[in-house]
Every structure is written in structure tokens, then in C-alpha cells.
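Single-letter residue listing:
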Amino acid sequence: MNIIETMRTLLLEFPKINEVCNHISVDFTDDTEENYGLTSTGDTLLKEDILGNETRQHNFILYAVFQSVTDYDRMNNSGTLLELQQWLETQTDNGIPVTAEIAGEIFEGEIESITPSNGMLYAIPTENNIDLVRYQLQISAVYKIYKE
């Protein structure tokens, strides 16, 4: 699985994910309650060693649509994002396998670190249902691709 597929699969393993949803869309978030969307925002080569092995960083934004009628709802929403951030940071202790297709060849690798940040209220819709709000969580994954 490439880095996008791997991160989506990892997010679905979050123990509380089925409390809020059972599906994460890619590059799309529906404006319905308990909907998640994972958007890829770019991949950067950080360094390359003498053997051609690459250390790369891939950035994502996870969007989540939640009910927000009361302070209780908003506290739960922020709490869930906080727990997700803390959980993500611990997932790379044993490395997470990933693949990359480069110039038609598939290379194995592993995610070395995941850094979530800026979990916050992102948008309050002005049309249709004003009780739903969209949160965002920025996620950065550093991974290594072995070309040797």
C-alpha cells in the first residue's frame, strides 16, 4: 500500500473510530454528521543516501464533520481529535510498512514517524445544517523507501 492507503488504513484502526464513523473518504468529506475525509497535501523528498534510499515526508489533512449543538458536543469533538493525535504518535514504534511506486518500480519502506498537529475547528457551514461543523487535523508522516 502506498503512503495514502497506509495512512487511511491506520486511521481506521484507531480504537474510537467506529464511535464516530466506519469510513474515511479520500480527498472528499461529505457534509453529513460523522463523516471523515483524508486529503493528501503533498510529498517531499527530505534526503537521499548514497544507495538511493529516500526519506520522504507526506502531509495530510483529516477533515471530520461533527454535531456541534452544545458545548458538550464540541468538547467531545475536540477530545476525540486529541485522543486521535496522541494515539497516532505512538503507532510507529515498530515501523509501519509502506510501498512506493517510482518510475514504474515498486519499493518497500516504512513509516518512521507521524506528527499530528493543528487539530481545530475548521469551518462552520452557512447553508443547510448549521448544527454541523467541520474540524481538521494536519498530519505529517515521515517514511523511508529502500531502493537498495
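Bear in mind that the values here come from a model prediction, so they are computed numbers and not experimental data.

Another aspect to go through is the overall build of the protein. When helices and strands are counted, the protein shows three helices and six strands. Along the protein, helices and strands appear, N-terminal first, in the series α-α-β-β-β-α-β-β-β. Per-residue burial over the protein gives 41% buried out of 148 residues. Considering only intrachain contacts with a sequence separation of at least 6, the fraction spanning at least 24 residues in the protein is 62%. Accessible surface, the protein as shown: approximately 8,200 Å² in total, 48% of it carbon and sulfur.

What the rule picks out here adds up to one aromatic pair. The side chain of Lys-147 reaches across the aromatic face of Phe-107, ending 5.7 Å from its centre.

Within the secondary structure layout, Thr-55 lies in strand 3 (residues 54-67). Given the relative accessible area of 7%, Thr-55 is considered buried. Those residues in contact with Thr-55, other than ones at most four positions away along the chain, are Thr-44, Leu-45, Leu-46, Lys-47, Glu-112, Val-142, Tyr-143 and Lys-144.

Moving on, we come to the nonpolar core. Among the nonpolar cores identified, the biggest contains 29 residues, and Met-7, Leu-11, Leu-62, Leu-88, Ile-114 and Ile-139 are the most heavily contacted of them. Contributions of two or more residues to this core are made by helix 1 (3-12), strand 2 (35-48), strand 3, helix 3 (71-89), strand 4 (96-102), strand 5 (105-123) and strand 6 (132-145). Here this core gets seven residues from one element, more than from any other, and that element is strand 6. Not counting the four nearest positions on each side in its chain, Leu-62 is found in contact with Leu-11, Ile-24, Tyr-36, Gly-37, Leu-38, Leu-84, Tyr-135, Gln-136, Leu-137 and Ile-139.

Here we take up the pattern of salt bridges. Should their charged atoms come close, side chains of opposite charge can pair. Within this structure, the stated rule accounts for three salt bridges. For the salt bridge of Asp-43 with Arg-56, the shortest nitrogen-to-oxygen distance reads 2.5 Å. Separated by 13 residues along the polypeptide, Asp-43 in strand 2 and Arg-56 in strand 3 bring together distant segments of the chain. Among the residues examined, Asp-43 registers a relative accessible area of 30% and is labelled partly exposed. The buried category is assigned to Arg-56, whose relative accessible area is 18%. One salt bridge in this structure joins Arg-56 and Glu-54, with 2.9 Å as the shortest N-O distance. One exposure class covers both Arg-56 and Glu-54, and it is buried. Here the salt bridges share partners, and the residues they tie into one network are Asp-43, Glu-54, Arg-56 and Lys-147.

So, about the confidence of the model for the protein. For the protein, per-residue confidence averages 84 on the pLDDT scale, and residues scoring 70 or more make up 82% of the total. Ranking the helices and strands of the protein by mean pLDDT puts strand 4 first, with 93, and helix 2 (residues 17-20) last, with 66.

A few words on unusual backbone geometry. Its identity as a non-glycine residue notwithstanding, Ala-103 has a phi of 50°, on the positive side. As for its position among the elements, Ala-103 is in the loop between strand 4 and strand 5.

Following the sequence through the fold, Ser-140 ends up in strand 6. Ser-140 sits in the buried class, given a relative accessible area of 15%. Among the polar contacts made by the side chain of Ser-140, one reaches the side chain of Asn-59 at a distance of 3.2 Å.

Definitions and cut-offs
- Residues numbered from 1 in each chain as written.
- Predicted model: local features only at pLDDT ≥ 70, side-chain atom pairs only at ≥ 80, totals over all residues.
- Heavy atoms only, no water.
- Helix = DSSP H or I, 4+ residues; strand = E, 2+ residues; numbered from the N terminus.
- Buried < 20%, exposed > 50% of the residue type's maximum accessible area, 1.4 Å probe, protein only.
- Contact = heavy atoms within 4.5 Å.
- Areas by Shrake-Rupley, 256 points an atom, 1.4 Å probe, with all protein chains shown as cover.
- Phe/Tyr/Trp six-rings, centres within 6.5 Å; stacked < 30°, edge-to-face > 60°.
- Lys NZ or Arg CZ within 6 Å of the ring centre and 35° of its normal.
- Core = buried A, V, L, I, M, F, W, Y, C linked by side-chain atoms within 4.5 Å.
- Salt bridge = Lys/Arg side-chain N within 4 Å of Asp/Glu carboxyl O.
- pLDDT = per-residue confidence, 0-100.
- Polar contact = N/O pair within 3.5 Å; in protein donor to acceptor, adjacent residues only side chain to side chain.

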